[in-house]
Amino acid sequence: MSNQVQVIDNLSGSILFKTSIEKISEAYAFAAQMEEAGLDIKIIAPGVAETLIQSLGASDQEMAAYKQTLDEEIESHEDDLGCAICLPQKSN
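About the thresholds
- Residues numbered from 1 in each chain as written.
- Predicted model: local features only at pLDDT ≥ 70, side-chain atom pairs only at ≥ 80, totals over all residues.
- Heavy atoms only, no water.
- Helix = DSSP H or I, 4+ residues; strand = E, 2+ residues; numbered from the N terminus.
- Expected span 1.5 Å × (residues − 1).
- Contact = heavy atoms within 4.5 Å.
- Pairing = 2+ DSSP bridges.
- Axes fitted to C-alpha atoms, helices over the stretch in contact; angles between N-to-C directions.

Peer 1: Please explain helix 1 (residues 24-36) as it appears in this structure.
Peer 2: Structural remark: α-helix, 3.6 residues per turn; residues separated by three or four positions point the same way. Look at helix 1: 19 Å from first C-alpha to last across 13 residues, which is about the 18 Å you get at 1.5 Å a residue. The inward-facing, buried residues of helix 1 abut strand 1 (4-9), strand 2 (15-20) and strand 3 (41-44). Taken from the residues just after helix 1, G38 is the one with a positive phi, measuring 100°.

Peer 1: Looking at this structure, I do not really get the sheet that holds strand 3. What am I missing?
Peer 2: Hydrogen bonds along the backbone pair up the strands of a sheet, which may run parallel or antiparallel. Taking strand neighbours across the sheet as the criterion, the three strands line up as 2-1-3 in an open arrangement whose pairing is antiparallel. Each edge of the sheet is formed by a strand with only one pairing partner; in this case those strands are strand 2 and strand 3. Neighbour-to-neighbour, the strand axes of the sheet open up by a mean angle of 15°, direction not taken into account. As judged from the four bridges shared by strand 1 and strand 3, these two strands associate in the antiparallel manner. Along strand 3, the bridge assignment pairs I8 with K42. Sheet strands touched by helix 1: strand 1, strand 2 and strand 3. Its angle to strand 2, the strand with the most contacts, is close to 160°.

Here you go:
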């Protein structure tokens, strides 16, 4: 896991642009240009939790486990009764 922001082409998986977190606005500006040119892109930027975990010395395996747990938590949210922000779906 890097503390850098990356703009990635979804089709090829290539990194099109990379910069420091301090210059994240440049990554978003570049991404907007790429989208206008018709590319399907994504931006990968480290969050506060990822940055903290990495600064505490987490290995790549531990970072992958964290991301997997986070993905599972997000997916399980769709199956529960909702939260204080998301109201449960009404069944007809």
